[in-house]
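Structural features, examined
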Amino acid sequence: MTVPSANASLDSARTGQLGAPLVRVEGVRKSFGRVQVLNGIDLDVTAGQVVCIIGPSGSGKSTLLRCLNRLETIDAGRIWIDGELMGLEERNGRVRPLPTSRVRHQRERIGMVFQNFNLFPHRTTLENVMEGPIVVKGMARNRAKAEALAMLERVGMADRIDHYPGQLSGGQQQRVAIARALAMAPRLMLFDEPTSALDPELVGDVLAVMKDLARDGMTMVVVTHEMGFAREVGDKLIFMDDGIVLEQGHPADVLSNPQHDRTRTFLSRVLK
Amino acid sequence: MSLSAPNTTAAAAPEPGLAIDHRRRFHAGRAASAVVVLFVLVWLCYTVIVNPNIHWDVIAKYQFAHVIFSGLWVTIQLTIISMVIGILIGIAVAVMQLSENVVLRYSATLYIWFFRGTPLLVQLIFWFNLALLFPRVSIAVPFGGPELTGWQTNQVVTSFVAAVLGLSINEGAYMSQIVRAGIQAVPPGQREAAESLGMSGRQVFSRVVLPQAMRVIIPPTSNQFISMLKTTSLVSVIAGADLLTVAQHLYLANFEVIALLIVASIWYLVLTTVASVGQYYVERHYSPERSDRRSVGARIRRNMRPGLGRMEELA
């Protein structure tokens with residue numbers, strides 16, 4: 001843990017447990033104004049697991065993902081990442097939001113990939129990947145460049161290092177975005193519908209990179225509509241509806257033998 | 001008629017039946033208008049050239065006079081200093097306006113409301129006469145505490161200082177709106193991507209938001225700069241020693257009003273033209289991967305048209 005915290009004993013107690021989950025979500029609630037988006041979410045992700053979250057739009061799956069690295073604050077509940085309370089601190093028996101200066105250190109260990117890539121358009125492919133290590137970790141330029149090149153090699157974008165994002169296809173941009181997140185050497189990767197903005201023929205390249213990551217043991221939480229990916233790569237599939245986890249289990253079980261009517265209805269629409 | 005695929009190599013010699021006559025049609029109305037405009041232009045030039053009241057010898061004598069150059073130099077200094085301070089104020093006020101703190105937000109709004117809501121001419125005269133309000137400026141303990149050190153206001157606020165104060169504080173109010181629009185034009189996903197990498201608020205702003213906002217900020221800012229070159233002439237009312245002031249001093253002595261105004265105007269045109277060329281290169285620098293490559297001439301012509309430049313920028 002890079003962040004000194006008042007609840008250090010709590011941290012070490014949790015990480016000390018054998019097989020303790022990398023991500024633990026307990027009773028998380030979140031509303032936007034009068035709309036209750038998350039209605040008491042419990043979820044565990046152990047290290048090395050690939051967890052896929054599916055559900056109809058508006059079910060709260062993207063919001064849940066954004067809560068995990070505190071791009072959204074939560075109204076109630078707890079999220080632990082790697083045994084550390086995310087975005088909150090316990091002091092004198094009260095739980096309060098952490099100042100952003102400390103949240104940012106927690107975020108370093110969580111990579112995020114967005115639906116719309118969000119590459120920095122004023123920087124080249126290589127500069128996009130180098131930006132985090134240099135600015136956030138203070139890494140030397142030479143080393144950052146070497147590592148960025150290795151990451152770009154891994155996602156198959158080593159031949160486009162001097163291109164600007166505007167000169168790349170959506171699939172290429174998304175692979176660079178994955179390399180940018182990996183360059184921070186995260187413990188956990190969050191994917192927010194990474195293939196939803198792509199032309200169908202480009203989806204495969206991005207999914208291949210993600211499968212490769214999963215094979216290497218990266219812990220991943222993936223909000224997706226790609227049932228094939230969930231079935232093939234996922235260790236756990238979660239079906240969310242109306243801000244709750246309606247159903248979860250092994251992807252093959254959930255997809256072929258859903259227990260709830262709403263899961264069945266949703267899957268029948270998605271799988272055709 | 002052939003339905004075979006179009007043959008690109010045959011472009012030089014199309015089939016006779018498919019050729020198109022691309023010569024432009026004759027537009028009688030346009031031609032008539034052009035003739036009228038040309039006639040007016042020639043007539044205007046003729047009256048100016050043969051007019052014995054325009055003393056070309058006087059213009060030639062003063063165009064490169066030392067005293068005119070001193071005024072030109074003051075105009076350039078005023079423009080650059082006021083723009084730099086104005087931009088810095090503008091960035092600070094824009095950030096304040098976008099702050100979540102109510103006090104910061106409303107202070108910024110108050111500043112903009114006041115300095116855009118009163119004429120620049122009035123503000124310049126006000127700063128020049130600051131001594132009437134505060135005879136002394138001093139470093140002291142606030143709210144009537146003891147004075148540590150102080151000066152006579154009239155010694156500190158010279159007409160040059162008053163000019164810089166008036167121009168830059170007024171410019172800051174306009175620049176803040178330009179900067180704010182630029183910051184708001186950056187998609188929120190950019191900020192989120194930077195935050196998810198673990199960047200601090202300051203890093204997110206300086207490395208991700210501001211560089212992207214610059215593309216939106218630069219074109220109107222260079223327009224403001226060119227506008228400022230001309231606006232500095234207002235400081236002639238407080239004896240600002242700028243180009244117009246020295247021209248006025250000269251014609252008050254020798255009564256060559258028109259000749260000296262022409263001398264000043266020629267230099268103003270030179271300044272705005274040079275600035276327009278600079279604007280072209282600055283804008284190109286900030287959009288390296290964009291192919292907005294209008295010619296220098298087009299830029300200059302655009303800046304000759306009052307008010308139109310900005311609308312074109314939005315189009």
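Residues numbered from 1 in each chain as written. Chains lettered and ligands numbered in written order. Predicted model: local features only at pLDDT ≥ 70, side-chain atom pairs only at ≥ 80, totals over all residues. Heavy atoms only, no water.

Summing up its helical and strand segments, chain B has 14 helices and 2 strands in all. Across the 315 residues of chain B, 37% fall into the buried class. Partitioning the intrachain contacts of chain B with sequence separation of at least 6 by distance along the chain shows that 67% fall at a separation of at least 24. Taken as a whole, chain B presents about 19100 Å² of accessible surface, with 69% of it coming from carbon and sulfur. (Helix = DSSP H or I, 4+ residues; strand = E, 2+ residues; numbered from the N terminus. Buried < 20%, exposed > 50% of the residue type's maximum accessible area, 1.4 Å probe, protein only. Contact = heavy atoms within 4.5 Å. Areas by Shrake-Rupley, 256 points an atom, 1.4 Å probe, with all protein chains shown as cover.)

Bringing the interface of chain A and chain B into the picture now. Counting from both sides, the interface comprises 22 residues of chain A and, opposite them, 19 residues of chain B. A buried area of about 1900 Å², summed over both sides, lies between chain A and chain B, and 57% of it is on carbon and sulfur atoms. For the pair chain A and chain B, the interface holds 2 salt bridges. Listing elements by their share of the side of chain A that touches chain B, those giving two or more residues are helix 3 (100-107), strand 8 (110-113) and helix 4 (125-135) of chain A. Residues of the side of chain A that touches chain B, tallied by class, amount to 11 nonpolar, 4 polar and 7 charged. (Buried area = accessible area lost by both parts, 1.4 Å probe. Salt bridge = Lys/Arg side-chain N within 4 Å of Asp/Glu carboxyl O. Nonpolar A, V, L, I, M, F, W, Y, C, P; charged D, E, K, R; others polar.)

We now examine the sheet that holds strand 9 (residues 188-192) of chain A. Residues and elements named next belong to chain A. Strand order in the open sheet made by the 6 strands is 8-9-10-3-11-12, with mixed pairing throughout. Whereas interior strands pair on both sides, the edge strands pair on one side only; in this sheet they are strand 8 and strand 12 (244-249). The mean inter-strand angle of the sheet, taken between neighbouring strand axes irrespective of direction, is 20°. The pairing of strand 3 (residues 50-54) with strand 11 (residues 236-241) spans 4 bridges and is classified as parallel. Across the sheet, isoleucine 53 pairs through a bridge with isoleucine 238, a residue of strand 11. The strands touched by helix 7 (residues 200-215) are strand 3, strand 9 and strand 10 (219-223); relative to strand 10, the strand with the most contacts, the crossing angle is about 145°. (Pairing = 2+ DSSP bridges. Axes fitted to C-alpha atoms, helices over the stretch in contact; angles between N-to-C directions.)

Once that is clear, we can look at the pairing of strand 1 (residues 136-140) of chain B. Residues and elements named next belong to chain B. Where strand 1 and strand 2 (residues 147-152) come together, 5 bridges link them in antiparallel fashion. Across the sheet, residue isoleucine 139 finds its bridge partner in strand 2, namely threonine 149. Between the end of strand 1 and the start of strand 2, which pair antiparallel, lie 6 residues, with phenylalanine 143 showing a positive phi angle near 60°.

On to helix 3 of chain A, then. Taken residue by residue, helix 3 of chain A has Arg102, Val103, Arg104, Gln106 and Arg107 of chain A as its buried positions. Elements that come into contact with the buried residues of helix 3 of chain A comprise strand 5 (84-85), strand 6 (88-91) and strand 8 of chain A together with helix 9 (188-196) and helix 10 (201-231) of chain B.

Turning next to the nonpolar core. The biggest cluster of nonpolar side chains holds 74 residues, and the ones touching the most others in it are Ile79 of chain A together with Met199 of chain B. Element by element, the count of residues in this core is highest for helix 8 (residues 159-184) of chain B, at 10 residues. Setting aside residues up to four positions removed in sequence, isoleucine 79 of chain A forms contacts with Arg24, Val25, Val28, Cys67, Leu68, Ile74, Glu84, Leu85 and Met86 of chain A. Ranked by size, the runner-up nonpolar core spans 49 residues in total, among them Val50, Ala148, Phe191 and Leu246 of chain A. (Core = buried A, V, L, I, M, F, W, Y, C linked by side-chain atoms within 4.5 Å.)

Let us now look at the confidence of the model for chain A. This prediction gives chain A a mean pLDDT of 90; 93% of its residues lie at or above 70. Ignoring residues within four places in sequence, the model shows residues 1-18 of chain A, a span with pLDDT below 50, making 26 contacts including any to other chains. (pLDDT = per-residue confidence, 0-100.)

Side-chain pairing between opposite charges can occur once the charged atoms of the two side chains come close. Taken as a whole and assessed by the stated rule, the structure comprises 20 salt bridges over all chains. With a closest N to O distance of 3.2 Å, arginine 160 of chain A and aspartate 159 of chain A form a salt bridge. Relative accessible area serves as the criterion here: at 26%, arginine 160 of chain A is assigned to the partly exposed category. Aspartate 159 of chain A sits in the exposed class, given a relative accessible area of 55%. With a shortest N-O distance of 2.9 Å, aspartate 21 of chain B and arginine 23 of chain B are connected by a salt bridge.

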